[in-house]
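Inside the fold
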Amino acid sequence: MNKENLTVLSQEKLTSKIFKMKLQGDSVKTMLTPGQFVHLKVGERHPVLRRPISICSVKADILTIVYRIEGQGTKLLNQKAAGDTVDTLGPLGKGFPLTQESTALLVGGGVGIPPLLYLAEQLYRQGTKVKVILGYRKKEEIFLVEEFQKYGEVFITTEDGSYGRKGFVTDAIAEAGAYDVFYTCGPKPMLRAVETASTKKGYISLEERMGCGVGACLACVCDKQKPFEGKAYVKACRDGPVFEAGEVIV
Amino acid sequence: MNKENLTVLSQEKLTSKIFKMKLQGDSVKTMLTPGQFVHLKVGERHPVLRRPISICSVKADILTIVYRIEGQGTKLLNQKAAGDTVDTLGPLGKGFPLTQESTALLVGGGVGIPPLLYLAEQLYRQGTKVKVILGYRKKEEIFLVEEFQKYGEVFITTEDGSYGRKGFVTDAIAEAGAYDVFYTCGPKPMLRAVETASTKKGYISLEERMGCGVGACLACVCDKQKPFEGKAYVKACRDGPVFEAGEVIV
Amino acid sequence: MSRLQVELPGLNMKNPVMPASGCFGFGQEYAEFYDLNKLGAVAVKAATPEIRAGNPTPRVAETESGMLNAIGLQNPGVDHIVKNELPWLEKFHVPILANIAGKTEEDYIEAARKISASSNVHAVELNVSCPNVKEGGLQFGSDPGMAAGLTKAVKKVSEVPVYVKLSPNVTNITEMAEAVEAAGADGLSMINTLVGMKIDIRTGKPILANKTGGLSGPAVKPVAVRMIYEVSQKVSIPIIGMGGIYTAEDVIEFFMAGASAVAVGTANFSDPFACPQIIDDLDELLKEMNVSNISELTGRSWKSWEKSLS
Amino acid sequence: MSRLQVELPGLNMKNPVMPASGCFGFGQEYAEFYDLNKLGAVAVKAATPEIRAGNPTPRVAETESGMLNAIGLQNPGVDHIVKNELPWLEKFHVPILANIAGKTEEDYIEAARKISASSNVHAVELNVSCPNVKEGGLQFGSDPGMAAGLTKAVKKVSEVPVYVKLSPNVTNITEMAEAVEAAGADGLSMINTLVGMKIDIRTGKPILANKTGGLSGPAVKPVAVRMIYEVSQKVSIPIIGMGGIYTAEDVIEFFMAGASAVAVGTANFSDPFACPQIIDDLDELLKEMNVSNISELTGRSWKSWEKSLS
Ligand SMILES: Cc1cc2nc3c(=O)[nH]c(=O)nc-3n(C[C@H](O)[C@H](O)[C@H](O)COP(=O)(O)OP(=O)(O)OC[C@H]3O[C@@H](n4cnc5c(N)ncnc54)[C@H](O)[C@@H]3O)c2cc1C
Ligand SMILES: Cc1cc2nc3c(=O)[nH]c(=O)nc-3n(C[C@H](O)[C@H](O)[C@H](O)COP(=O)(O)OP(=O)(O)OC[C@H]3O[C@@H](n4cnc5c(N)ncnc54)[C@H](O)[C@@H]3O)c2cc1C
Ligand SMILES: Cc1cc2nc3c(=O)[nH]c(=O)nc-3n(C[C@H](O)[C@H](O)[C@H](O)COP(=O)(O)O)c2cc1C
Ligand SMILES: Cc1cc2nc3c(=O)[nH]c(=O)nc-3n(C[C@H](O)[C@H](O)[C@H](O)COP(=O)(O)O)c2cc1C
Ligand code: FES
Ligand code: FES
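Residues numbered from 1 in each chain as written. Chains lettered and ligands numbered in written order. Predicted model: local features only at pLDDT ≥ 70, side-chain atom pairs only at ≥ 80, totals over all residues. Heavy atoms only, no water.

Side note on the overall build of chain C
- A count of helical and extended segments in chain C gives nine helices and 16 strands.
- For chain C, the C-alpha radius of gyration of 18 Å lies close to 19 Å, the compact-globule estimate for 310 residues.
- Structurally, chain C occupies a C-alpha span of about 50 × 50 × 40 Å along its principal axes.
- Residue burial in chain C is summarised as follows: out of 310 residues, 68% are buried.
- Summarising the internal contacts of chain C: among those between residues at least 6 apart in sequence, 72% fall at separations of at least 24. (Helix = DSSP H or I, 4+ residues; strand = E, 2+ residues; numbered from the N terminus. Rg over C-alpha atoms; globule rule 2.2 N^0.38 Å. Buried < 20%, exposed > 50% of the residue type's maximum accessible area, 1.4 Å probe, protein only. Contact = heavy atoms within 4.5 Å.)

Some thoughts on the site of ligand 1
- Taken together, 20 residues form the shell around ligand 1, and within it Arg51(A), Pro52(A), Gly73(A), Thr74(A) and Arg209(A) come nearest.
- Residue neighbours of ligand 1 fall on chains A and D, so the site bridges chains.
- In this structure, Arg51(A) approaches ligand 1 through a side-chain N or O atom, which is 2.7 Å from an oxygen atom.
- Between Arg209(A) and ligand 1, the recorded distance is 2.6 Å, taken from a side-chain N or O atom to an oxygen atom.
- Considering ligand 1 on its own, with 830 Å² of exposed area, one finds that the protein chains cover 88% of that surface.
- Elements that contribute at least two residues to the shell around ligand 1 include exactly β4 (51–54), β6 (62–68) and α1 (72–78) of chain A. (Near = heavy atom within 4 Å. Polar contact = N/O pair within 3.5 Å; in protein donor to acceptor, adjacent residues only side chain to side chain. Areas by Shrake-Rupley, 256 points an atom, 1.4 Å probe, with all protein chains shown as cover.)

Regarding the environment of Val107(B)
All names here are of chain B.
- By secondary structure assignment, the location of Val-107 is in strand β8 (residues 103–109).
- Overall, the relative accessible area of 0% leaves Val-107 in the buried class.
- Here the alpha-carbon distance between Val-107 and Gly-186, two residues 79 residues apart in the chain, equals 8.3 Å.
- Those residues within four positions of Val-107 in sequence are excluded, and the remaining contacts are Leu-116, Ile-133, Val-169, Tyr-183, Thr-184, Cys-185, Met-190 and Val-194.

Considering the packing of aromatic side chains
- The tally for this structure, following the rule as stated, stands at 22 aromatic pairs over all chains.
- Between Tyr183(B) and Tyr203(B), the aromatic rings sit 5.4 Å apart at their centres with planes inclined by 25°, giving stacked as the arrangement. On the criterion of sequence distance, the pair formed by Tyr183(B) in strand β12 (residues 181–185) and Tyr203(B) in strand β13 (residues 201–205) is long-range, its members being 20 residues apart. Tyr203(B) matches Tyr183(B) in its accessibility class, with the two residues each being buried.
- Here a set of aromatic residues connected by ring pairs shows up, and it is made of Phe24(C), Tyr30(C), Phe33(C), Tyr34(C) and Phe273(C).
- Seen from the ring of Tyr179(A), Lys200(A) lies directly overhead, with NZ or CZ sitting 5.3 Å from the centre. (Phe/Tyr/Trp six-rings, centres within 6.5 Å; stacked < 30°, edge-to-face > 60°. Lys NZ or Arg CZ within 6 Å of the ring centre and 35° of its normal.)

Here is the structure:
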């Protein structure tokens with residue numbers, strides 16, 4: 001496992017609260033799987049815990065992450081400027097498996113959207129047809145849409161109807177049409193809704209509060225739907241954050 | 001009382017551990033008395049206490065301080081760069097009274113040296129003859145000597161004899177010759193030695209660990225030699241840090 | 001009634017924020033920074049019957065997100081305080097919570113009797129929990145029976161409501177709270193400081209001359225919130241919450257845990273304008289949260305309620 | 001003997017630093033970062049006789065300079081641990097301190113009997129102080145008589161020395177320590193976590209599903225140092241110190257307070273290399289301080305000594 005001080009190349013504001021950050025370093029070359037995450041140390045001694053952030057895209061030794069300012073940790077991350085470094089652990093966890101099916105539906109909401117971009121790119125490159133549903137609260141909070149459009153057709157929903165279809169991501173599934181496999185990442189109610197709305201095979205990515213991020217502290221466990229070999233739980237940080245739909249209780 | 005975000009103009013390294021920092025702001029114009037101090041907030045939320053640092057010199061709205069990197073707080077202060085701001089409370093406390101006698105002896109050791117510079121300047125300007133004894137551990141740790149030489153004759157002692165007279169500041173008092181009043185600032189053993197070595201009237205400046213810095217918490221009290229009007233103690237932050245020699249138990 | 005106004009026994013407060021005892025002297029120093037009329041109340045420094053010199057220095061040490069203090073109840077004695085310190089505060093329209101301490105029950109009784117007779121003292125606060133004095137105080141703070149006995153005795157002589165300030169250094173703080181409530185306490189203050197120590201590794205000695213000291217500041221906030229959460233579910237007298245409050249968000253957290261007012265201690269040292277700043281921010285925050293009076297939030301974390309906060 | 005080597009009952013440690021129980025799993029994850037032979041010992045996650053699912057999530061929350069956890073002793077049961085987890089650690093030359101917990105005395109006896117029979121378990125640590133499980137554990141941790149009874153019972157069945165891990169959530173920790181020493185404990189571990197809570201003001205609810213959790217990290221260090229300082233003067237068995245250790249300087253502080261070895265918990269989450277880093281720095285620091293073996297520092301803050309540290 002890698003720990004490296006990545007160098008900040010840039011910070012770019014996407015919406016009032018969402019930022020895109022580029023980081024450079026050797027360990028980035030090992031960040032091959034979409035859905036994996038990095039665990040960032042955002043302050044010298046405070047706060048005590050790292051922050052898990054998904055890999056959004058990788059080009060050679062440059063990592064792109066997209067994050068929303070939530071609290072203290074993401075605020076500190078936002079204060080980093082080009083030339084500063086960020087102590088980064090990763091890649092961590094198990095990411096999305098690349099399907100062999102022909103059409104994939106990607107469904108993302110909020111800060112669940114960034115990891116799907118790396119996935120969209122890899123699916124597109126291997127020839128899978130990609131359809132993407134992205135859910136936002138309102139027009140002003142839309143981000144990353146053009147990037148997704150490079151890899152497939154994009155359907156947008158906003159809760160207030162200020163852009164695209166009014167409603168939730170599930171309201172756009174019919175419009176998106178046929179698909180063989182789905183991939184989804186976002187808030188738990190969304191994951192549940194997508195799981196329920198679909199009869200196809202799929203993969204979901206979970207956000208759990210983490211301690212260690214490496215599998216040692218048991219902070220991030222999820223219950224399995226069906227205990228397997230006596231194990232009733234999995235660790236989001238190590239066995240996930242991506243699970244097959246139906247594997248864990250969301 | 002003033003609280004202001006002063007703007008950092010410069011940081012300059014004087015010795016391996018000692019730095020000179022210039023800060024600018026309106027409240028600096030009220031920092032008129034040598035021996036007073038400012039109380040600096042060195043971090044956003046950590047550490048919880050401010051750091052007391054003496055006024056070393058003032059020109060219009062520019063404050064100069066000279067500090068030694070000791071622990072966490074001074075390390076954070078050292079990370080400030082030109083253009084950053086420092087939340088500053090001050091001027092605080094009672095400084096050195098300017099004597100009407102003709103010759104003043106200033107005796108400083110370590111980080112007790114900086115406040116004496118502002119005093120030397122003011123004494124010199126009002127026509128008092130200034131003699132200065134500065135004590136250091138060794139040659140490499142000498143700082144501010146040239147600045148003092150503008151205002152009077154300077155005698156230097158080093159503990160290891162690598163520069164000036166070998167020994168402690170008291171070993172140079174005889175050499176410095178006659179004086180009418182003394183002013184001293186430095187570590188407590190030095191203050192005690194100077195008080196004992198002198199029969200003249202004098203003023204000492206005390207370093208006590210502080211909480212509030214404004215007189216409310218009673219962290220920084222010193223015992224009076226002779227209780228006066230029922231009061232057996234004084235507060236270094238408010239009644240001091242400068243006291244008449246013999247007034248408090250050092 | 002404004003969003004911020006709260007009413008506690010003896011304390012009619014225009015807002016729920018007061019500086020904590022021992023962190024604000026008798027107000028004179030901070031009055032140089034702002035108008036004390038801004039405050040909901042003022043908790044003044046502990047008074048004992050006799051003059052107290054307190055502990056030798058160093059009396060403070062810094063820790064991660066906190067500080068240790070061992071002032072040791074230095075004070076000029078209750079007579080001096082009543083005669084020389086409290087009258088100065090009369091010009092402000094701010095109720096005073098007078099903190100008292102002692103070695104024996106008689107000490108507390110004397111201090112309470114004298115100070116509660118001051119015209120501008122609206123409530124007394126029994127400091128039964130000062131960790132920095134060896135005798136007496138500590139026992140009163142950890143033995144429910146003794147705390148109850150003391151409360152009863154003080155209630156008899158006090159002309160104003162009596163708050164008991166509880167120590168967090170106990171196995172079962174709820175038991176302490178229930179005991180003093182049964183004995184007639186009008187309210188609780190919690191928490192006082194946790195006993196801690198810091199050693200200077202260069203000298204090998206504790207930094208504080210008193211060796212141990214009381215830990216305060218943001219580091220102790222989770223302990224304070226937990227204790228208030230537990231106690232508020234078991235007593236029906238109001239709680240003045242304290243321990244690491246720095247922001248308006250912290251005040252909301254203490255209310256949701258079960259507090260009915262709050263005190264701010266260590267934060268004053270970090271920023272002399274901490275109290276007025278918190279009060280202003282709190283008003284804004286409550287407006288955003290659509291709360292018409294802050295008292296609605298008391299105990300939110302354990303009360304079931306219909307309208308969830310958006 | 002090297003500067004760092006220490007010898008405690010059952011634990012012959014090449015250096016005094018071990019990861020704390022519950023913060024290091026059974027070592028496999030951190031072995032991907034560095035060679036576990038670097039460590040002085042390993043304290044493994046608590047074992048109970050039966051499989052435990054632990055508490056619902058969220059199980060962690062962050063606080064100023066600290067964190068709350070309410071894992072709730074999730075573990076696969078002692079049989080599984082003995083069969084599947086401990087053998088993996090055999091390839092390292094590092095003594096294991098096996099943490100055990102339970103609801104009843106019988107639980108502890110069963111866990112101790114089974115785990116102490118493992119070839120690479122060198123000592124057991126009785127977790128009588130887990131704040132995150134409702135039944136049993138808590139009583140054992142706050143009642144000196146019960147703690148002593150438990151210690152005696154476990155001593156009878158354990159094939160290796162027994163350490164008792166004390167809770168800081170008590171009025172008098174010295175009394176607890178003396179009781180378990182008299183009952184035959186070979187050593188003490190202190191401190192476990194302080195009970196705390198954090199409320200999410202957006203929802204009005206505690207962040208942890210378990211509501212309360214155990215506070216650890218630098219915030220609690222002054223409390224740990226104070227307790228070790230007090231207890232070490234009253235007992236003659238060694239103390240494994242823990243609570244907020246992040247640096248080599250912290251380790252020295254704990255030794256000076258009275259510890260004979262230390263454990264590092266929360267710091268592992270902040271930096272997976274925390275333990276080896278502290279060990280390297282400690283060696284350097286002791287060299288600078290001219291200390292020939294770290295054991296010389298144990299209790300420095302209260303022992304009188306001739307040669308002062310320069
Ligand atoms: C596997 C994974 C991938 C993620 N990827 C992204 C991403 O690409 N972009 C993005 O903006 N956010 C992402 N998140 C959420 C992100 O980790 C949180 O928003 C962030 O930790 C909040 O930290 P804070 O200090 O700003 O907020 P605070 O509320 O101050 O955080 C306090 C504590 O709670 C934890 N926490 C708070 N919210 C969450 C959350 N939603 N999930 C997990 N822990 C939380 C923090 O890590 C911290 O320990 C991801 C979370 C996980 C688990
Ligand atoms: C009135 C006054 C004027 C001072 N003027 C200067 C000056 O001009 N230049 C300079 O370099 N230093 C000066 N000092 C000392 C300076 O305040 C300390 O070196 C500094 O606070 C150390 O902080 P730290 O975080 O780096 O060290 P740490 O050891 O990490 O500090 C921990 C705590 O101890 C306090 N502390 C540590 N050492 C001292 C000390 N010697 N005196 C008071 N408190 C201390 C800190 O303020 C802090 O609260 C002065 C002190 C006082 C009281
Ligand atoms: C320097 C200092 C002095 C204190 N003196 C007293 C006191 O005299 N009486 C008292 O009841 N509490 C005293 N306290 C405790 C505070 O009133 C308060 O309970 C505690 O500091 C927790 O709040 P905080 O974290 O906001 O500081 C003192 C605290 C500090 C830091
Ligand atoms: C996530 C987590 C899990 C823990 N699990 C256990 C445990 O199973 N048994 C135990 O005795 N202590 C447990 N502890 C307590 C630690 O071993 C240690 O006593 C405490 O965290 C203080 O040390 P620290 O501040 O270095 O973390 C746990 C602590 C944390 C943070
Ligand atoms: S975060 Fe520690 S096990 Fe997953
Ligand atoms: S530092 Fe608070 S009274 Fe002097």
